[in-house]
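As a plain string of letters, each chain reads:
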Amino acid sequence: MSDNRFKDHLGRPIIAITGMGVITSLGQGLADNWAALTSGTSGIHKITRFPTEGLSTRIAGTVDFIAVPAENSVERSFAFARETTTEALAQSGLSGDFDGPLFLAAPPVEPEWSDRFALADRAPPSKAEGDAYDRFLAAMRERPDPVFLEAVQFGSISERLADKFGTRGLPVTLSTACASGVTAIQLGVEAIRQGRTDRSLVVATDGSVSAEALIRFSLLSALSTQNDPPEKASKPFSKDRDGFVIAEGAATLVLESLESAIARGAKVLGIMKGCGEKADHFHRTRSSPDGGPAIATIRAALADAGMDEGSIGYINAHGTSTPENDKMEYGAMLAVFGDRLKEIPVSSNKSMIGHTLTAAGAVEAVFSIQTMLTGTLPPTINYTNPDPTIVLDVVPNKKRDGQPTAVLSNSFGFGGQNASLVMALEPA
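Here the structure is a predicted model, which is why all the values come from computation and not from measurement.

*Asks:* Honestly, the packing of helix H7 (residues 180–193) against helix H13 (residues 360–374) in this entry has me stumped. Any pointers?
*Replies:* Each pair of packed helices can be summarised by the angle the axes make with each other and by the distance between the axes. The contact between H7 and H13 brings their axes to 5 Å, and the two run at 70°. Looking at the two axes, H7 sits roughly perpendicular to H13. In this structure, H7 uses Gly181, Val182 and Ile185 to contact H13, whose residues at the interface are Gly361, Ala362 and Ala365. Its residues assigned to classes, the contact of H7 with H13 shows 4 nonpolar, 2 polar and no charged.

*Asks:* What should I look at first to understand unusual backbone geometry in this one?
*Replies:* The bulk of non-glycine residues show a negative phi, and the bulk of peptide bonds are trans. The omega torsion of the bond from aspartate 228 to proline 229 falls at 0°, within 30 degrees of zero and hence cis. Along the chain, proline 229 falls in the loop between helix H8 (211–219) and strand S8 (249–257). Phi at leucine 357 is positive, roughly 55°, even though this residue is not glycine. Of note, leucine 357 is situated in the loop between helix H12 (350–353) and H13.

*Asks:* Please clarify how H13 should be interpreted in this entry.
*Replies:* At 3.6 residues per turn, the α-helix brings residues three or four places apart onto the same side. Between its first and last C-alpha atoms H13 spans 21 Å; for 15 residues at 1.5 Å apiece the expected length is 21 Å, and the two agree. Counting buried positions along H13 gives 13 out of 15 residues, so the element sits mostly inside the fold. Directly beyond the C-terminal end of H13, a positive phi value near 65° is found at glycine 375.

*Asks:* Can you walk me through H7 in this structure?
*Replies:* Taking 1.5 Å of rise per residue, 14 residues should cover 20 Å, and H7 covers 20 Å from first to last C-alpha, within 8% of that figure. The buried count for H7 comes to 12 of 14 residues, which makes it a mostly enclosed element. For H7, the set of buried residues is Ser180, Gly181, Val182, Thr183, Ala184, Ile185, Gln186, Gly188, Val189, Ala191, Ile192 and Arg193. Positioned one or two residues after H7, glycine 195 has a phi angle of 80°, which is positive.

*Asks:* When you look at the packing of aromatic side chains in this model, what are you seeing that I'm missing?
*Replies:* Each aromatic ring pair is characterised by the separation of its centres together with the angle its planes make. Tallied over the full model, the rule gives 3 aromatic pairs. Arranged with centres 6.2 Å apart and planes meeting at 40°, the rings of tryptophan 34 and phenylalanine 367 form a pair that is tilted. Taken together, the residues span a long stretch of sequence, with tryptophan 34 in helix H1 (residues 30–38) and phenylalanine 367 in helix H13 at a distance of 333 residues. Residue class for tryptophan 34 comes out buried when judged on its relative accessible area of 9%. Looking at phenylalanine 367, the relative accessible area reads 0%, which means it is buried. A ring pair is formed by tyrosine 133 and phenylalanine 136, whose centres lie 5.5 Å apart and whose planes are at 85°; its orientation type is edge-to-face. Placement of both tyrosine 133 and phenylalanine 136 in helix H4 (residues 132–142) is noted, with a separation of 3 residues, approximately one turn of the helix. One residue, arginine 160, lies across the ring of phenylalanine 78, its end atom 4.0 Å from the ring centre.

*Asks:* Help me understand the nonpolar core, please; the structure alone is not making it clear to me.
*Replies:* What tends to happen in soluble globular proteins is that the nonpolar side chains get buried as a cluster. Judged by nonpolar contacts, the single largest core of 43 residues is most densely connected at Ile185, Leu255 and Met272. Broken down by element, the residue count for this core peaks at 7 residues, all from H13. Beyond its immediate sequence surroundings of up to four residues, leucine 255 is in contact with Ile15, Ala16, Ile17, Ile185, Gly188, Val189, Ile192, Asp198, Arg199, Ser200 and Val202.

*Asks:* Would you mind showing me how to read the pairing of strand S7 (residues 199–206) here?
*Replies:* It is a general feature of regular strands that their side chains alternate between the two faces of the sheet. Burial of S7 is extensive: 8 of the 8 residues sit out of reach of the surface. Alternating positions in S7 separate into two faces, Arg199, Leu201, Val203 and Thr205 on one and Ser200, Val202, Ala204 and Asp206 on the other, with burial throughout.

Parameters at a glance
Numbers given for residues are sequential positions, taken from 1 along each chain in its written order. Residues qualify for local features only when their pLDDT is at least 70, as the model is predicted, and side-chain atom pairs are given and counted only at 80 or more; totals for whole chains, interfaces and linings, by contrast, use all residues. Note: side-chain values were computed over all heavy atoms of the structure, leaving out hydrogens and water. Between the N-to-C directions of two axes lies an angle of 0 to 180 degrees, each axis being a line fitted to C-alpha atoms and, for a helix, fitted only over the stretch in contact. Secondary structure elements follow DSSP: runs of H or I no shorter than four residues count as helices, runs of E no shorter than two count as strands, and numbering proceeds from the N terminus. Angle categories: roughly parallel below 35 degrees, roughly antiparallel above 145, roughly perpendicular from 65 to 115, and oblique for all the rest. Any two residues whose heavy atoms approach within 4.5 Å are treated as being in contact. Under the convention adopted here, Pro, Cys and the residues Ala, Val, Leu, Ile, Met, Phe, Trp and Tyr are nonpolar, Asp, Glu, Lys and Arg are charged, and Gly plus all remaining residues are polar. A helix is expected to reach a length of 1.5 Å times the quantity of its residues less one. Whether a residue is buried, partly exposed or exposed follows from its accessible area with a 1.4 Å probe, protein chains only, as a fraction of its type maximum: under 20%, in between, or over 50%, in that order. Pairing of aromatic rings covers Phe, Tyr and the six-membered ring of Trp, with a centre-to-centre limit of 6.5 Å; geometry is then stacked below 30 degrees between planes, edge-to-face above 60, and tilted otherwise. A ring has a charge above it when a Lys NZ or an Arg CZ is no more than 6 Å from the ring centre and no more than 35 degrees off the ring normal. The set of buried Ala, Val, Leu, Ile, Met, Phe, Trp, Tyr and Cys residues whose side-chain atoms join them within 4.5 Å is what this entry labels a nonpolar core.

Encoded structure:
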């Protein structure tokens, strides 16, 4: 006979978080990141990885302190994921093979142009003037290049993680733009709810900051051009915001059924109560101005959690610092929470760590859990010139004491990918 103490309002297993790991531009590990985040420290800095002369944006939240065997996005993303997973498993008290499925959010990377040119230059003389891909293939046939091959196979990140940590079954790699981290969490939650496993390993990583990435986002007018000083560039919900700051990072969460976690004596850090996801067909990059899909996403997460709007005590906003997205998110939150929105503290971690893209949803989920565990609301820095059309209780510039028992975290991405999470402290 099943124990109803471990079932949610729909009779599904309650999902516990028992391990967390994180890397951002603020540092490696949850302790260092949390100390920096709550002190209002910024990890945004001038780019040194590649030349930025002539570019309108010359700043980022790159992670440059993790050693990688080759300077490419796949190796960086794998290294970040490896380190955060090691931390999360240690905190969860699990050792040996994980013996559960792996869900990975990873950036849809491509080899950088410098690497493509170098490979094409190696083509034999007979192919020197031919089609670029014919030259690539000829060069690879003449002399295999394992480093280049690894750099073009972003799906290999999950395979390497699966081998290292002993996950079960085929690892799943997904990419749903800025919502990727939340989508990976949702897949991990559903695997447990459906009875396919007692635990799942959720990883979101992004080490894809490159000259090409910077240029592509700049062409979309999405990036801040306020380069000096770098730490002042990201200013969510401010009147003078002008774009997001591209960044890197990773986060890992160990999810388990509450029953399984308690049975093995694990410390429960929090509960993953609800997940919501809705598509937005308005535009390939822009969100619907009326916020309809975002509104539906937040409401879906609350419904999945079996909670009403009055239960949320804190919001970890998507808060990118782009003029359009911040306005849309505010409108969506206002539609859901009404007049009470002014009473709910709101923070944007991106003001300090930048936008970690594929990793953002998972990184911010970790920080949301930590907010409840510590009773500390991290600030939104650079909030000195509030947008008068966005009336929020933005935690301004300095941390605030507060003890929310339930948190909403939003992730709204390109391509109409919208996802929200509701997290809570351990039930009595």
